[in-house]
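Read off the chains here:
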Number of protein chains: 2
Amino acid sequence: MAGVRTEVLHRVTAACVLTLWFSCSHVIALKSQLFTRLGVSPSSTETPINYQTLYFNQKIDHFGFLEDGTFKHRYLVADEHWKQPGGPILFYTGNEGDITWFCNNTGFMWEIAEELGAMLVFAEHRYYGESLPFGQDSYSDSKHLNFLTSEQALADFAVLIENLKSSLPGAQHSPVIALGGSYGGMLSAWFRMKYPNVVVGALASSAPIWQFPGMVPCGDFYRVVTQDFARSGYNCDASIRKSWKAINNISSTASGLQWLSEEFSLCSPLKSKSDALGFKNWLQETWVNLAMVDYPYEANFLQPLPRWPIQVVCKYLGFDSTVSDDQLLHGVAQAAKVYYNYTGSSPCLNTSQTATGSLGFLGWTYQACTEMVMPMCTDGVQDMFEPEEWNFQAFSDECNAMFGVRPRADWAGVVYGGKNLASHSNIIFSNGGLDPWSAGGVTFNITDSLVSVVIPEGAHHLDLRYSNDSDPPSVRAARALVVKYFREWIKQG
Amino acid sequence: MAGVRTEVLHRVTAACVLTLWFSCSHVIALKSQLFTRLGVSPSSTETPINYQTLYFNQKIDHFGFLEDGTFKHRYLVADEHWKQPGGPILFYTGNEGDITWFCNNTGFMWEIAEELGAMLVFAEHRYYGESLPFGQDSYSDSKHLNFLTSEQALADFAVLIENLKSSLPGAQHSPVIALGGSYGGMLSAWFRMKYPNVVVGALASSAPIWQFPGMVPCGDFYRVVTQDFARSGYNCDASIRKSWKAINNISSTASGLQWLSEEFSLCSPLKSKSDALGFKNWLQETWVNLAMVDYPYEANFLQPLPRWPIQVVCKYLGFDSTVSDDQLLHGVAQAAKVYYNYTGSSPCLNTSQTATGSLGFLGWTYQACTEMVMPMCTDGVQDMFEPEEWNFQAFSDECNAMFGVRPRADWAGVVYGGKNLASHSNIIFSNGGLDPWSAGGVTFNITDSLVSVVIPEGAHHLDLRYSNDSDPPSVRAARALVVKYFREWIKQG
């Protein structure tokens, strides 16, 4: 998941609604780029991947009987290496986006299919990609959005699998293993917890199942981001920490705003104080995203980026305390361009595109406004950001204004067990030490059947990506261990 | 649960809709008697029970955010023996009726509270008793009924418990054990499966969690009923098996219908063939109910009854094969009156009361028409009833005509795991050998943590009732074993 998402929502200012949408628009700009990149072949391998695209008539509402309609639930199947009868099924529990994108970016599954004789299934999450319960109307209002919940998505997965097993020759006794990364990893873990009759185990990669109220300190997420920058270059975090005040100083005048806009090559120049607020949010989101994709090789996940991109970014931020605001922000602009214009093909940085159709973002915003309440905060001391408290009430009010719904702070903890998971089994929680989402992840063994795998040099679900010559030994070991568990579960299953 | 309920619905005849409602009306007559008896003190003890009646503001919809309303969820609390801080909580997962009735009829909890230092909580099931999500409108149409599901009820229980634990001084670390009988027992088992973070274990008494499509033969239920009669008196089952044809013969004429009505002291005389059909259903339901309440002592559960009531009933049914239709049906009438008029206070047998307000029955009918699809069938050979196949399509059509909803045959199996439960833990499934619902129950150990306790001489959840001098040793042993498990779970929890 993009760190920006919940962060956007908890930024409460005097002009919060404006800020919210303004800030959203940055994200939408990012995400629409992301989604237009669908169908591009995976970045670090030339292996062509072949799958069938299929659709299942899924109930719109699993938990009520008034709405009896169905929708076309998309899933992708690759059975080239499947040993039937009874060969295992590796089932990707799709997250908040187009499933083909996750399919292309989960090389790990493609690489282990042959050795496990496994069928691969990638199931889309309802309300994303093509799996729209009400077609074009799915996002039209809170009535149509009402069936966008993780519980419904898990039920989709369960019903789909039971249907596959009963209808596919040779699949009846196939053990099924759930896999997912980020929110998809949370779903994998929860899927095993709630439907152990359907899946024999789960790999939950970079899954912040504890990033919920009362489970982890709200500041830990941004602390990890800050550590990533601190370790990647001289004074890198300190420069960013200082940059917010510099932006405040410079943006206090019209000429300052113009200068800033030019330095950052913004497509739409900043005009007002609230523009500057949005600009800061956009920058903050940029640093978060860099922390998530700080991979040891050139990659194109959220953006095309060099290897260890934070190190490259930090080359522009190695200032001493005597640096002037202008010098500092010049460096920050250069740093931002590493993220937004590594290929040199962007004529300007697009921070103010107005909202157009990225369902992925809207859907996640709705989910954050309902079940996926993930407190975030900053203090400017243990992290490099402007201090901002977590304010649930303000967050709830914004959600209500946006969607006509209010988040339920405690629900995720009740329904998914919070810290009290010991009675479950067969779940691997893998986390990268560089990944800010590891702050809300399971990074210790809960029992010998609920195990943690930490990849110190890993960013966001590095282990699920295609293997690469530059992979650190820790991720190679993690993948090998995961396969070992998979084999055990398959034997049990 | 009353055996009649699903049975009513699967009886498909040429005049099915009429039959359905006609037959329902009998049940409603029964059930309204049942509910008017609320508040009566428990039958086999004079121990007064004291509890507080409390209400919790519960979300109407846990699985969607459009409907944000709440309702008053009733629960009863008895903390006289509770050892705080940290003493255990025994939590009754209420089933399809007024919770005070279950509270009064679950003497086992009252009897073990002191030795365990436990608080007792009895939580009502939504849509029953006073816990009506939309007040008087709760049953007005399928829109208002939409939130009547077992998943919502389990979520109610989970949210209520989490709230109690965080708000009651001394309860924060209290281990909670779920208990329930019949459908309430199914809920207890499912509660532990779905919310092991909330309850450390469950006693599921007489819980037919496998009485779902494809899990057990549809005829087993009535086979157990038949065995109960076969063992309780000479030719008792054979006489009942023969009675249906005798009713058909006699009811083929108007004078026969009149004779039948007089023999059975019916409040509303039978007038037509379809009346006779309803009459047979009513009789069949009577035998089923007797099998459920065949207790070794005088009791007043569904009706005031003598000890071992089937033995008393069978005294009127010990006919040889030469018996005439008249003689046979005279005996059947006497037998039926054991059930309906043991106290001698009923001036007539009420088989045609029109539908008035037993929410309990309507609610369960809706649940049977949605999630709780429990196939039943008879063959007249291995059971003593007229042959009737299970016809899902006809059942579904009836549900659609009644409520505008259609049952989902496979859903319960997917969501609650069917036969694939081995990864769960800490559930005791107790079943009575006389109880027809044991046919759909767990009567063997699945693992050493999912255990079965069979009480050969037990009818429907005998173990949950107050202890009695006439209790067979098997139920005493069962209760002792249950307490032993509870102590272990409490120690773990």
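As recorded in an unreviewed UniProt entry, chain A goes by Lysosomal Pro-X carboxypeptidase and comes from Solea senegalensis. UniProt's Function (unreviewed entry) comment on chain A is quoted here verbatim: "Cleaves C-terminal amino acids linked to proline in peptides such as angiotensin II, III and des-Arg9-bradykinin. This cleavage occurs at acidic pH, but enzymatic activity is retained with some substrates at neutral pH." According to its UniProt record, chain A has this under Subunit (unreviewed entry): "Homodimer."

K.L.:
Outline the overall build of chain A, supporting the account with residue identities and numerical values.
P.N.:
Broken down by element type, chain A carries 16 helices and ten strands. Here chain A, with 493 residues, has 65% of them falling under the buried criterion. Partitioning the contacts of chain A with sequence separation of at least 6, the portion at a separation of at least 24 is 73%. Accessible area of chain A: about 16,600 Å², with a carbon and sulfur share of 51%.

K.L.:
An account of the relation of the copies chain A and chain B is requested, with residue identities and associated values reported.
P.N.:
Rotating chain A by 180° and translating it 0.0 Å along the rotation axis places it on chain B, where the RMSD comes to 0.0 Å. What the rotation and shift describe, once combined, is the action of a two-fold rotation axis. Relative to the rotation axis, the closest C-alpha in chain A is found at K194 of chain A, a distance of 2.9 Å. Both copies present the same face, since 100% of the interface residues in chain A are matched by interface residues at the equivalent positions in chain B.

K.L.:
Tell me what's going on with the nonpolar core, and back it up with residues and numbers.
P.N.:
Counting 320 residues, the largest nonpolar core has W287 and F486 of chain A together with W287 and F486 of chain B as its most contacted members. Residues in contact with W287 of chain B, not counting those within four places in the same chain, are V225, F229, I240, W244, V313, V332, A335, A336, M384 and F385 of chain B.

K.L.:
Run through the pairing of strand β3 (residues 89-93) of chain B, naming residues and quoting values.
P.N.:
All names here are of chain B. Along β3, five of the five residues are buried, which leaves the element largely enclosed by surrounding structure. The alternating pattern of β3 places I89, F91 and T93 on one face and L90 and Y92 on the opposite face, and all of these are buried. Where β3 meets strand β4 (residues 119-123), five bridges bridge the pair, whose relative direction is parallel. Looking across to β4, one finds that Y92 is bridged to F122. Here β3 runs beside strand β5 (residues 176-181); their pairing, made up of four bridges, is parallel. Each bridged residue has a counterpart across the sheet, and for F91 the counterpart in β5 is A178.

K.L.:
Can you explain the interface of chain A and chain B? Please cite residues and give values.
P.N.:
Of the residues lining the interface, 40 residues belong to chain A; the matching set on chain B comes to 40 residues. Counting the surface lost from both chain A and chain B, the interface buries some 3,300 Å², and carbon and sulfur atoms represent 59% of this. Among the residues of chain A in contact with chain B, F63, F65 and R408 of chain A are the three that bury the most area, contributing 26% of the side total. Taken together, the connections running from chain A to chain B amount to two salt bridges. The interface formed by chain A and chain B includes 15 residue pairs in polar contact (both at pLDDT 80 or more).

K.L.:
Requested: an account of helix α8 (residues 236-250) of chain A, with residues and values cited.
P.N.:
Residues and elements named next belong to chain A. In a regular helix each residue adds 1.5 Å, so 15 residues correspond to 21 Å; α8 covers 20 Å between its end C-alpha atoms and thus fits that length. Maximum bend of α8: about 30°, positioned at S243. C236, D237, S239, I240, S243, W244, A246, I247 and I250 are the residues of α8 that are buried. Buried residues along α8 sit in contact with α7 (220-230), α9 (254-263), α10 (273-292), α11 (309-314) and α12 (325-340).

K.L.:
How would you explain the sheet that holds strand β3 (residues 89-93) of chain A if you had to name every residue and give the values?
P.N.:
Residue and element names in this part refer to chain A. On the basis of which strands lie adjacent, the open sheet formed by eight strands has the order β1-β2-β4-β3-β5-β6-β9-β10 and mixed pairing. The sheet is open, and its two borders are formed by β1 (52-59) and β10 (450-455), each paired with just one other strand. Taken pair by pair, the neighbouring strands of this sheet meet at an average axis angle of 20°, ignoring direction. Across the sheet, helix α16 (residues 473-492) is in contact with β3, β5 (176-181), β6 (201-205), β9 (427-432) and β10; its angle to β10 comes to roughly 160°.

K.L.:
Go over the pattern of salt bridges, please, and point to the residues and values.
P.N.:
Residues and elements named next belong to chain A. Tallying each qualifying case throughout the model produces 26 salt bridges over all chains. In this structure, E130 engages R74 in a salt bridge whose closest nitrogen and oxygen atoms are separated by 3.2 Å. Of this pair, E130 sits in the loop between β4 (119-123) and α5 (150-167) while R74 is found in strand β2 (residues 70-78), placing the two residues 56 residues apart along the sequence. We classify E130 as partly exposed; its relative accessible area is 42%. Residue D228 pairs with R231 through a salt bridge whose shortest N-O separation is 3.7 Å. For D228, a relative accessible area of 1% gives the class buried. Given a relative accessible area of 52%, R231 falls into the exposed group. Three or more residues are tied together by salt bridges with common partners; here these are R74, D98, E124 and E130.

K.L.:
For the state of the cysteines, give the residues involved together with the corresponding values.
P.N.:
Within the structure shown, the criterion is met by eight disulfides over all chains. The disulfide bridge from C369 of chain A ends at C399 of chain A, spanning 2.1 Å between sulfur atoms. Torsion about the S-S bond of the C369 of chain A and C399 of chain A cystine: about -75°, corresponding to left-handed handedness. You can see C369 of chain A sitting in the loop between α13 (359-368) and α14 (392-403) and its partner C399 of chain A sitting in helix α14, a full 30 residues away along the chain. Accessibility classification places C369 of chain A together with C399 of chain A in one group, the buried group. Each sulfur of the disulfide joining C218 of chain B and C377 of chain B lies 2.0 Å from the other. The sign of the 90° torsion about the S-S bond sets the C218 of chain B-C377 of chain B disulfide as right-handed. You can see C218 of chain B sitting in the loop between β6 (201-205) and α7 (220-230) and its partner C377 of chain B sitting in the loop between α13 (359-368) and α14 (392-403), a full 159 residues away along the chain. You can call C377 of chain B buried: its relative accessible area is 12%.

What counts and how
Per chain, residue numbering runs from 1 following the sequence as it is written. Here chains are named by letter from A upward and ligands by number from 1 upward, in the order in which they appear as written. Only residues with pLDDT of 70 or above have their local features reported here, since the model is predicted, and side-chain atom pairs are shown and tallied only from 80 upward, although totals for entire chains, interfaces and linings are computed over all residues. Only heavy atoms go into the side-chain values, all of them from the structure, while hydrogens and water stay out. UniProt positions are given in the numbering used here, feature names are shortened, and annotations may be inferred rather than shown by experiment. Working definition: helices are DSSP H or I runs of at least four residues, strands are E runs of at least two. Numbering for both runs from the N terminus. Only protein chains enter the accessibility calculation, which uses a 1.4 Å probe. A residue is then buried if its area is under 20% of the maximum for its type, exposed if over 50%, and partly exposed in between. Between two residues, a contact is recorded if the distance between any of their heavy atoms is within 4.5 Å. The method behind every accessible area is Shrake-Rupley, applied with a 1.4 Å probe, and residues are considered shielded solely by the protein chains displayed. Overlaid copies result from least-squares superposition on C-alpha atoms, with residues included only where pLDDT is at least 70 in both. Only buried Ala, Val, Leu, Ile, Met, Phe, Trp, Tyr and Cys residues count toward a nonpolar core, and they belong to the same one when joined by side-chain atoms within 4.5 Å. Two strands are said to pair when DSSP picks up at least two bridges between them. Summed over both partners, buried area is the accessible surface (1.4 Å probe) that two parts give up on being assembled. Here, a salt bridge means any side-chain nitrogen of Lys or Arg that lies within 4 Å of a carboxyl oxygen of Asp or Glu. As used in this structure description, the phrase polar contact means that two N or O atoms lie within 3.5 Å; if the pair is within protein, one of them must be able to donate a hydrogen and the other to accept it, and residues adjacent in sequence are counted only when both atoms belong to side chains. The span you would expect from a helix comes to 1.5 Å times its residue count less one. Take the seven residues that end at a residue and the seven that start at it, fit an axis to each, and the angle between those axes is the bend at that residue. Fitting a line to C-alpha atoms yields each axis, with helices limited to the stretch in contact; the angle taken between N-to-C directions then spans 0 to 180 degrees. Cysteine sulfur pairs qualify as disulfides if the two atoms are within 2.5 Å.

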